[in-house]
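Structural description and commentary
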Amino acid sequence: MHPAPSVILFSTLSGLGFGLLAFLGLGMPSPTGFGAFVWFTLAYLLAVGGLIASTFHLGHPERALKAFKQWRSSWLSREGICAVVALLVMAVYGAALFFADTRIIPLGYIGAALSIGTVFTTAMIYTQIKTVPRWHNITTPLMFLTLCIAGGALLSGRVGLAIPLLILAALAQIAHWIVGDRALEKSGTTLATATGLGARGDVRAFEPPHTGTNYLLKEFVFVIGRKHAFKLRVIALTLMALFPVFALMFTITGGLPGMLIHLLAALAVVSHLLGVLAARWLFFAQAEHVVGLYYGKR
């Protein structure tokens, strides 16, 4: 699939933002007054910023509101509804912390559940697509959810939780790669099934359907070399999990100056964000749409 920057930013930033909102809803941390304003501003900038970025990939952004009507059949619609409700609930929860120094615990729990639910619906948009076997398995929502929760723990400063959650997210990402690498072959889709000519004998590509490019080739056929993919996977894992875990471990060993602890924590967050961006680029770039078989690209 074509790795569009808007969708990469959307899935990365919104996942971190809603992960942070979930931890704020659970009271980890539970700031009040101006502190609440700072925490919720950060979370909303990430979550809403990611959602806004996604609209740049729409052919007709002015029709986005119509998507909310398809909630019975569309995960995209469910995502939009879940995101709006989560943001509204957390806005009320945050306002109570800011204006009244009051934590409405049930409301926070509901907002946290809705925030995680939003990321789940985002993952299901991709998981449901049968024509992309790499996505059409349980590792896709597991990868999205573990990264969301680990990122939320990291951003909220829950070091004791962030370390094991980052390791779990790394394992989920590796599982997604392992399962995904075999998914197209296991799907049983071949050039014969793609062209519908399998019953007539062995099928091979003689000439491409046409000499020029088209929308399908531009959007659904993107080829990345295995050597480059492996290097990017190593970089993604290192930045996303390995460096943040080691940086956080140094912050809890004791004996370090406060300034250095804060610097390591900040570097861990930046590293994690860059790693998720790299992994998310690969998520789209390596997604083999079966239409590529028809054009002899797989």
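Figured I'd write up the structure that's included with this text. Remember, predicted model here, so these are calculated numbers, not experimental data.

Each value, and the rule that gives it
Residues numbered from 1 in each chain as written. Predicted model: local features only at pLDDT ≥ 70, side-chain atom pairs only at ≥ 80, totals over all residues. Heavy atoms only, no water. Helix = DSSP H or I, 4+ residues; strand = E, 2+ residues; numbered from the N terminus. Buried < 20%, exposed > 50% of the residue type's maximum accessible area, 1.4 Å probe, protein only. Contact = heavy atoms within 4.5 Å. Expected span 1.5 Å × (residues − 1). Bend = angle between axes of the 7 residues up to and from the residue. Lys, Arg positive; Asp, Glu negative; His and termini not counted. Salt bridge = Lys/Arg side-chain N within 4 Å of Asp/Glu carboxyl O. Phe/Tyr/Trp six-rings, centres within 6.5 Å; stacked < 30°, edge-to-face > 60°. Lys NZ or Arg CZ within 6 Å of the ring centre and 35° of its normal.

On to the overall build of the chain. Regarding its fold elements, the chain presents eleven helices and zero strands. Ordered by position in the sequence, the α and β elements of the chain form the string α-α-α-α-α-α-α-α-α-α-α. Relative to its 298 residues, the chain shows a buried fraction of 45%. Looking at the chain alone, contacts between residues at least 24 apart form 77% of all its contacts between residues at least 6 apart.

The subject of this paragraph is helix α9 (residues 226-252). Under the 1.5 Å per step criterion, the end-to-end length of α9 is 38 Å for 27 residues, consistent within 8% with the ideal 39 Å. At Thr 238, α9 is bent by approximately 45°, the largest bend along its length. Of all the residues in α9, the buried ones are Ala 229, Arg 233, Ala 236, Leu 237, Met 240, Ala 241, Pro 244, Val 245, Ala 247, Leu 248 and Thr 251.

Now for the side chain of Glu 79. Counting through the fold element by element, Glu 79 comes out in helix α3 (residues 75-100). For Glu 79, which is buried and forms no salt bridge, the nearest opposite charge comes from Arg 280, at a distance of 9.7 Å. With residues near it in sequence (within four places) discarded, Glu 79 still touches Phe 10, Thr 118, Thr 121, Thr 122 and Ile 125.

Each aromatic ring pair is characterised by the separation of its centres together with the angle its planes make. What the rule picks out here adds up to 13 aromatic pairs. Aromatic side chains Trp 135 and Phe 284 sit 5.7 Å apart centroid to centroid with 85° between the ring planes, which places their arrangement in the edge-to-face category. You can see Trp 135 sitting in the loop between α4 (105-127) and α5 (139-155) and its partner Phe 284 sitting in helix α10 (residues 258-285), a full 149 residues away along the chain. With respect to class, Trp 135 is no different from Phe 284; both count as buried. In this structure, Arg 78 is placed above the aromatic ring of Trp 75, and the distance from its NZ or CZ to the ring centre is 4.6 Å. A cation sits over an aromatic face here: Arg 280 above Phe 144, 4.3 Å from the ring centre.

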